[in-house]
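What follows is each chain in one-letter form.
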Amino acid sequence: MLAWQNGRLDSLALRARLVDPVEGIDAPATVTVEDGVVTAIDGAPTAPASLVLAPAFVDPHVHLRTPGREDEETIASGTAAAAAGGYCAIVAMPNTEPVVDTASVLAALVERAREEALVPTGFTAAISKGQRGEELTEMAELAAAGAVAFTDDGSPVASAGLMRRALAYSAVADRPLALHCEEPTLSRGGQMHEGVVSAELGLAGWPSVAESLMVERDLALAGYEDRPVHLQHLSARESVDAVRRARRAGVRVTAEASPHHLCATDELVRSLDANAKMNPPLRTEEDRAALVEGLLDGTIDCIATDHAPHARHEKDAPFEEAPFGVTGLETAFAALNTYLVRTGEVPLATILERLSAGPARALGLPVPRIAVGEPANLVLLDLEADWIVTEGSFRSRSANSWLLERSLTGAVVKTVAAGRVVHAA
Amino acid sequence: MSASVERPRRHLLGVGDLTREDAERVLDTARGLERTLDREVKKLPTLRGRLVVNLFYESSTRTLASFELAAKRLSADTMTLRSSGSSVDKGESLRDTALTLAAYDPDVIVVRHPHIGAPHLVAGATDAHVVNAGDGKHQHPTQALLDLFTIREALGRLEGVAVAIVGDVLHSRVARSLVEALLLVGAEPLLVGPPTLIPRGIEATGCDVSHSVDALAHADVVYVLRMQAERMESAYVPSLREYTALYGVTPERVRPGQVVMHPGPMNRGVEIDPRVADSGASLVTAQVRSGLVVRMAVLYDLLTAPGLRVVAPVLEVA
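Visitor: Residue-level account of the overall build of chain B, with values.
Guide: Regarding its fold elements, chain B presents 10 helices and 9 strands. Sorting the 318 residues of chain B into buried and exposed places 46% on the buried side. Here the contacts in chain B between residues at least 6 apart in sequence split such that 74% fall between residues at least 24 apart.

Visitor: Kindly report on the sheet that holds strand β8 (residues 147-151) of chain A, identifying the contributing residues and their values.
Guide: Residue and element names in this part refer to chain A. Spatially, β5-β6-β7-β8-β9-β12-β13-β14 is the arrangement adopted by the 8 strands of the open sheet, whose pairing is parallel. Of all strands in the sheet, those with a lone pairing partner are β5 (57-62) and β14 (302-303), marking the two edges. Here 3 bridges tie strand β12 (residues 229-231) to strand β13 (residues 253-257), and the two strands are oriented parallel to one another. Bridge pairing links His230 to Thr254 in β13.

Visitor: Which residues make up the packing of helix α2 (residues 62-73) of chain B against helix α9 (residues 284-303) of chain B, and what values do they have?
Guide: Residues and elements named next belong to chain B. One can describe the packing of α2 onto α9 by two numbers: an axis separation of 8 Å at closest approach and a directional angle of 50 degrees. With respect to their mutual orientation, α2 and α9 come out oblique. In the packing of α2 onto α9, the handedness of the crossing is right-handed. Mapping the contact onto sequence places Arg62, Ser66, Phe67, Leu69, Ala70, Ala71 and Arg73 in α2 and Val288, Gly291, Leu292, Arg295, Met296 and Leu299 in α9. Tallied by class, the residues present in the contact of α2 with α9 amount to 8 nonpolar, 2 polar and 3 charged.

Visitor: Residues and numbers for the nonpolar core, please.
Guide: One finds Tyr87, Val119, Ala147 and Leu336 of chain A to be the most contacted residues of the largest nonpolar core, which totals 143 residues. Among the elements that take part in this core, helix α12 (residues 332-341) of chain A stands out by supplying 8 residues, more than any other. Residues within four places of Ala147 of chain A in sequence aside, it is in contact with Leu106, Phe123, Thr124, Ala125, Leu142 and Arg175 of chain A. Core analysis: the second largest hydrophobic core is formed by 92 residues, Leu101, Val110, Met227 and Val259 of chain B among them.

Visitor: Requested: an account of the pairing of strand β1 (residues 12-20) of chain A, with residues and values cited.
Guide: Residues and elements named next belong to chain A. Taken together, the 9 bridges between β1 and strand β2 (residues 25-34) define a ladder with antiparallel strand orientation. For Leu18, the partnering residue across the bridge sits in β2 and is Ala27. Hairpin connection from β1 to β2: 4 residues lie between these consecutive antiparallel strands, with Gly24 at a positive phi of about 70 degrees. Here β1 pairs with strand β4 (residues 51-55) via 2 bridges, running parallel. The partner of Arg17 across the bridge, within β4, is Val52.

Visitor: Explain helix α10 (residues 285-297) of chain A to me, and be specific about the residues and the numbers.
Guide: Residue and element names in this part refer to chain A. Over its 13 residues, α10 extends 18 Å from the first C-alpha to the last, a length consistent with the 18 Å expected when each residue adds 1.5 Å. When α10 is considered as a whole, its buried residues turn out to be Asp287, Arg288, Ala290, Leu291, Val292, Gly294 and Leu295. Looking one or two residues past α10, Gly298 carries a phi angle of roughly 90 degrees, positive in sign.

Visitor: Talk me through unusual backbone geometry; I want residue IDs and the actual numbers.
Guide: That bond from Asn279 of chain A to Pro280 of chain A is cis: its omega, -5 degrees, falls within 30 degrees of zero. Positionally, Pro280 of chain A belongs in the loop between α9 (259-263) and α10. Geometrically, the link from Gly264 of chain B to Pro265 of chain B is a cis peptide bond, its omega value of -10 degrees lying close to zero. Relative to the helices and strands, Pro265 of chain B resides in the loop between β9 (259-261) and α8 (274-277). In this structure, Asp306 of chain A is a non-glycine residue whose phi angle is positive, near 50 degrees. In this fold, Asp306 of chain A is placed in the loop between β14 and α11 (312-315). Judged by C-beta crowding, with 28 C-beta atoms within 10 Å, Asp306 of chain A ranks as buried. One non-glycine residue, Glu405 of chain A, adopts positive backbone phi at about 75 degrees. Along the polypeptide, Glu405 of chain A turns up in the loop between β15 (378-388) and β16 (407-417).

Visitor: Please give an account of the sheet that holds strand β5 (residues 162-166) of chain B that cites residues and values.
Guide: Residues and elements named next belong to chain B. Spatial ordering of the open sheet is given by β7-β6-β5-β8-β9, a layout of 5 strands whose pairing is parallel. Each edge of the open sheet is held by one strand with a lone partner, namely β7 (208-210) and β9. Shown here is a sheet whose adjacent strand axes are inclined to one another by a mean of 25 degrees, direction ignored. Where β5 and strand β6 (residues 188-192) come together, 5 bridges link them in parallel fashion. If you follow Ile165 over to β6, its bridge partner there is Leu191.

Visitor: Pulling in residues and values, what's your account of the interface of chain A and chain B?
Guide: Contacts between chain A and chain B engage 16 residues on the former and 21 residues on the latter. At 4 residues, the largest contribution of residues to the side of chain A that touches chain B is made by helix α6 (residues 196-201) of chain A. Here the residues of the side of chain A that touches chain B sort into 8 nonpolar, 3 polar and 5 charged.

Scoring rules and cut-offs
Residues numbered from 1 in each chain as written. Chains lettered and ligands numbered in written order. Predicted model: local features only at pLDDT ≥ 70, side-chain atom pairs only at ≥ 80, totals over all residues. Helix = DSSP H or I, 4+ residues; strand = E, 2+ residues; numbered from the N terminus. Buried ≥ 20, exposed ≤ 12 C-beta atoms within 10 Å, placed from the backbone. Contact = placed C-beta atoms within 7 Å. Pairing = 2+ DSSP bridges. Axes fitted to C-alpha atoms, helices over the stretch in contact; angles between N-to-C directions. Parallel < 35°, antiparallel > 145°, perpendicular 65-115°, else oblique. Left-handed = near helix turned anticlockwise from the far one by under 90°. Nonpolar A, V, L, I, M, F, W, Y, C, P; charged D, E, K, R; others polar. Core = buried A, V, L, I, M, F, W, Y, C linked by C-beta atoms within 7 Å. Expected span 1.5 Å × (residues − 1).

Just geometry here; none of it tells us what the structure is for.
Laid out in structure tokens, this is it:
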């Protein structure tokens, strides 16, 4: 289901503190890779204090803007950004121009990825034709053409009836549905979280209940049809509570949260900077804390960047005119390390698991492991490296990061994806 | 060491840009300027050679007229660009328009825009002082200052004055700026309206909220907001008729000694009864006159260096 460039396979040896939450390892070691495969893991008496070697990351939620908006991102630039961020696999969303809703569009993307993707890339297809929420796509044919999952990301499936049919029919395709939960009549026109800050600024509110109500609906339908669902970019406390309850009741649900929702709140919108405008919006400290709690107890299995590149001239506009979304691939680890690990809120191993094995399992992709005989999917991190995020920092074609001009601690030193060194700082 | 210390350019983007001292200084300057309005020759040479650009992306009668007249009364050159008939309609971005204007080297750009943060964007793109003349539902700081001025002239004080703001607070930049300004000077804002038109969470700013028109009785000032007919389409209220019955400011709901204000334009018979609008309690025309002198004071304040500032110094120049 993943496609990438044919390239040489590398041989190298890395000595660092090896942290593999899947294998349960946290010890200094030297990992030897020959022709792209891990051939030896040898205990080392010491390792450089700040260097951590871990399974490389998997991002279940990336916008590559191809086809249609190649000025904002291409498969080549988006996967270069992923490599720089420590990722060995990413999954692209289908809300492109045209929408990925037929096998021919999907096959062309897979073909393109074989030519230019630096890291293995999976593609999702739409749940409904044109993402209009009216008719189902040909899911079986799309799955055969390589669709990793189905999603109308960017818009919700407003009709409960269609959602139920999509869930039932997804069994034929044997792929999960990834759901963007938003009750459109409650969020319509909304620019930011509805609360104290929106009341003061006068920006129209996008209330938490618009997300959590849809989360509850989709969990009820998934339980009724007994089909797995993956909930995208959760932002509200009530949504986390709903996922926890549903899972306890036996619903097969996985859930993601983004680095920006885990690290920031709607206070950021006071700047009126359009790089603080995302969908779903940044919410309150209470919501942020609930997401972190969900990350800690496993209710949130995945950290997904929702990397959403936008042209500079489109973001450089009054808040209400600017599009939703921020980039994230190249800042995810540093942001999480700075705002969650170094503050003591979340252990490093939890962050590493939710960035790698969690999303791989959720979407049925190979789980990156550091074990002899496994393909090398490694990320070497420097936990102490300080850097300042600037527009010049990015391999992505877009620089609409909420972290611009901020100082972060933690950097990706090297990324090995599918046996090949794809990034070396 | 450099000989001169670079001062940050000053803007009036929101009430939040002002300290209490700033606000009171502007009101004092406005009072000095008001006396010049009674002269036969009303023009002052203070801002001769300065350029004030009005950049209006939203229709406006009184705000635009009063900024234009304020600049002219201070002898500044003025230029007004409206969204119709300019490159604005040709799809030019706000930043590009701001950069184009910057080439004329304006001293002040007055911006009105339907979207929040537009004046901030202009401030970031040019070297001019920027005055926000209304951005979306966010801020309208000169309206707030003129309302403070009007209240102070009418009641002789601001500290402790209870101001009930009644109506569609949710969609009102006038209400947001005024609440902030009233809190800044020690007055006591109270918001009155149906729950669907009061923003959730607004109490956190420090104002009180009531859904009952009876709450008006406790106020020194009844400030009536414009009720727009399009609010009915989105079901914020079931009908104008019911709104008027519940919240319309009628003579029966105004007690002796209260004053009534409205930012205009008024919907007579909807949010305000004509008998109230035309009564002795109404400060509506005083607000318009205040608008002129307060905007003169704002332009004056932005374009003169701190330290040189004294109460109504324009009188000396004239």
